[in-house]
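Each chain, letter by letter, is given below.
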Amino acid sequence: MRTKLPLLLTALLLLARPSHAYIEVPYTLGRLVNDSTTITVLKVTAVDRVKNTITYSKVEDLKGKSPDVVKHNIAQAGFHPREWQTVMAWASEGKTSVFFHNGSASETCIDNYWYQCYPGGEWWNMYHAEPYLLRTFAGKPEKLASAVRSMLANEEVVITCMVDGDKTAIALRTARVQRLRASLKIADYNAPRDFVGWGGDEIKPLLDMPGYSHLAILPKLPGTANFAILSAHLDADSRPDLLLRSNERIALLQNAGAGSFNELPFPIDGGATAAAFADYNNSAKQSLLLATPTGPRLLTNLGPSAAGPKWRDDSTSLPAQPYSYLTAAAWFRPSAAPTDLPLLILADAYTGLRVYKNKTPGIAPTPNPAAEPPVPVFDDITASLSLSAPRDRLLAILSADLNNDKSPELLLCSATSASILSFSNGQFSPLADGTLSWKNASDFALADLNSDGNIDLALIADGTLRILLNDGRGNFSEQPAASRPALPNLTSLTLVPTAQSPDLLLGALHAPNTYLANDARANFTDRSESLGLHRRLFNTRALLALPNGDLAQLNENQDNTYLIAKK
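Residues numbered from 1 in each chain as written. Predicted model: local features only at pLDDT ≥ 70, side-chain atom pairs only at ≥ 80, totals over all residues. Heavy atoms only, no water.

Participant: So what's going on with the sheet that holds strand β10 (residues 195–198)? Which residues, and what values?
Facilitator: A sheet is described by the order of its strands in space; here 3 strands give the open sequence β8-β9-β10, paired in antiparallel fashion. Every interior strand has two partners, whereas the edge strands, β8 (157–162) and β10, have only one. Taken pair by pair, the neighbouring strands of this sheet meet at an average axis angle of 30 degrees, ignoring direction. For strand β9 (residues 177–182) and β10, the ladder comprises 3 bridges, and the chain directions are antiparallel. The partner of Leu180 across the bridge, within β10, is Phe195. (Pairing = 2+ DSSP bridges. Helix = DSSP H or I, 4+ residues; strand = E, 2+ residues; numbered from the N terminus. Axes fitted to C-alpha atoms, helices over the stretch in contact; angles between N-to-C directions.)

Participant: Hey, could you go over the sheet that holds strand β19 (residues 295–305) for me, with residue numbers and the actual values?
Facilitator: One open sheet accounts for 4 strands, arranged β17-β18-β19-β20; its pairing is antiparallel. In the strand order of this sheet, the two ends are held by β17 (274–278) and β20 (308–313), each with one partner. Across this sheet, the average inter-strand angle for adjacent strands is 25 degrees, counted without regard to direction. Of the strand pairs in this sheet, β17 and strand β18 (residues 287–292) are connected by 5 bridges, and their pairing is antiparallel. Considered in β18, the bridge of Ala275 is made with Leu290.

Participant: Just give me the short version of the environment of Lys140, but keep the residues and values in it.
Facilitator: For Lys140, the location among the structural elements is in the loop between β7 (123–129) and α4 (141–152). Residue class for Lys140 comes out partly exposed when judged on its relative accessible area of 33%. Measuring from C-alpha to C-alpha, the distance between Lys140 and Ala228 comes to 27 Å, with 88 residues separating the pair along the chain. (Buried < 20%, exposed > 50% of the residue type's maximum accessible area, 1.4 Å probe, protein only.)

Participant: Residues and numbers for α4, please.
Facilitator: Since the α-helix packs 3.6 residues into each turn, any two residues three or four apart lie on the same face. Helix length check: α4, at 12 residues, gives a terminal C-alpha distance of 16 Å against a target of 16 Å (1.5 Å per residue), a fit within 8%. The buried fraction of α4 is high, at 10 of 12 residues. Those residues of α4 not exposed but buried are Pro141, Lys143, Leu144, Ala145, Ser146, Ala147, Val148, Arg149, Ser150 and Met151. Of the residues trailing α4, Asn154 is marked for its positive phi of about 65 degrees. (Expected span 1.5 Å × (residues − 1).)

Participant: Requested: an account of the nonpolar core, with residues and values cited.
Facilitator: The nonpolar side chains of a soluble globular protein tend to be buried, and buried together. Counting residues in each nonpolar core, the largest one holds 30 residues, and the members touching the most others are Phe100, Trp114, Leu144 and Ile159. Looking at this core element by element, the count peaks at 5 residues for α4. Excluding its chain neighbours within four sequence positions, the residues that come into contact with Trp114 are Leu32, Phe100, Glu107, Thr108, Cys109, Ala129, Glu130, Pro131, Leu133, Leu134, Phe137 and Leu144. Counting 20 residues, the second largest nonpolar core, distinct from the first, contains Leu42, Tyr56, Ala91 and Cys117. (Core = buried A, V, L, I, M, F, W, Y, C linked by side-chain atoms within 4.5 Å. Contact = heavy atoms within 4.5 Å.)

Participant: Report on unusual backbone geometry, specifying residues and quantitative values.
Facilitator: Residues other than glycine seldom take positive phi values, yet Arg173 does so here, at roughly 65 degrees. As for its placement among the helices and strands, Arg173 is situated in the loop between α5 (167–171) and β9. The class for Arg173 is partly exposed, based on a relative accessible area of 33%. Backbone geometry at Ala522 places phi at a positive 70 degrees, although glycine is not the residue there. For Ala522, the location among the structural elements is in the loop between β36 (514–518) and β37 (524–526).

Participant: Explain the environment of Ser57 to me, and be specific about the residues and the numbers.
Facilitator: Structurally, Ser57 can be placed in strand β2 (residues 53–63). Along the chain, Ser57 and Val41 lie 16 residues apart, while their C-alpha atoms are 8.8 Å from each other. With sequence-adjacent residues up to four places away left out, Ser57 is seen in contact with Val41, Leu42, Lys43, Thr45 and Asp68.

Participant: Describe the pattern of salt bridges, naming the residues involved and giving the relevant values.
Facilitator: Taken as a whole, this structure holds 27 salt bridges when the rule is applied. Between Arg193 and Asp188 there is a salt bridge, with the nearest N and O atoms lying 3.1 Å from each other. Given the relative accessible area of 38%, Arg193 is considered partly exposed. Judged by relative accessible area, which is 43%, Asp188 ranks as partly exposed. The salt bridge partner of Arg312 is Asp314, with a shortest N-O separation of 2.9 Å. In terms of burial, Arg312 and Asp314 fall into one category: buried. (Salt bridge = Lys/Arg side-chain N within 4 Å of Asp/Glu carboxyl O.)

Any functional reading would require information beyond the geometric quantities listed.
Below is the structure:
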């Protein structure tokens, strides 16, 4: 059986010598992946600027197997000096590349550039750049590696590449950038068929929004409900990583800095109605609890790997249920004591609340980051708690100290009401008489909004913002609507940390998103124009403000976005 090879590599084999011209036929990424025998993520470990050589170490084999050390002799190769100069200007320790080869010829992707090499002993020797492969992919190697991983898992991805046409513009890297669909099944190049949109997924400057300097595009998230954004520190750096979720898909994004995110492999297909991060086993690692259509899923974080966090699916360690219809999930830590592991709380539309006691052997108070966390142990203690079923299907389970007794309570929120449960001596009990009521609630947040030391509640109900202030005993009263602007079509809210009480950012459909500045007494003033939010219509379903002022948004019928705050 004849082995298929891309024309650029086939030509090299047939001629048995380097090609004397660029390959002008456009290639899809799917064809390049299919026809490469080896694809490896490399990291620069040494650069010799006298001899113009680059030494790489292997980070990850995506396909086939490469040696641990790969050496490229760049010399002064190419049809124009800018070719080797571009490669050497890019090369520095720690930089990442993606290396495709078939044993006889190779193509290497660096930042927004490609170059071609041939093997010669222990070296791969550059012959010329391959700028026309920018029609296959144009962008950062980290993005390319993420796309290739997904494609090898038989997923379809969207990649950035330059438009075919003006060859000089491509060679100078000034050609227009587009986004195309890519998969192992898409072998023939047909840009009109595979077109998704114009522009790359790298950051773009914002000239019309004084509060934000750049905008980056986040992955698309199909779905009709349960949109949310979470943040967690999943690796060793200080940058918050993101999890995007809907009822149809979950996307885990590693924060590479400056608005760049790399989508990481995720072990579960489909979406979730709820998600919550926690160090449930005192391992100093953030693990993930999901409420999915097939039941609760527990992904234990085993620590970092070349492809992001390494997850262990410990879902079978949770108590089995014959059927479930989960609508919310949360971790609940009764105290801050290191030995006091969090309970696992599930809201089931069929059976009500379920509570699992966490008996996992903890490794505190001196967690070893290199140690693999123990297999979890959970007991279903629901029957011993005499819990009454929630009146309505729950949308969110929140926790905070709502009555200043130095221990947290549960706030159980549905679309029409909320109730409060206190926890004492191993039992839950109602904190106050009656329930809080509203209509068509969609999002909730707990915070001290008026600087009195009590935890208050902000929520979106019937498309408007409502503020409920806490008297310190778990009794809530509505803040008059005159304390804030009247805003319609709201879908979501996020707290914006400040030196005092937090501000609020509100997402909306068919209207601009809104920034409400808090005077520390729960009186809010619209400051959207000072940030430029009034200039854009995002149609936001969910949003999250990061501590550094950046804003992540899941938007309806347009790109999901990440706005970088001006520093």
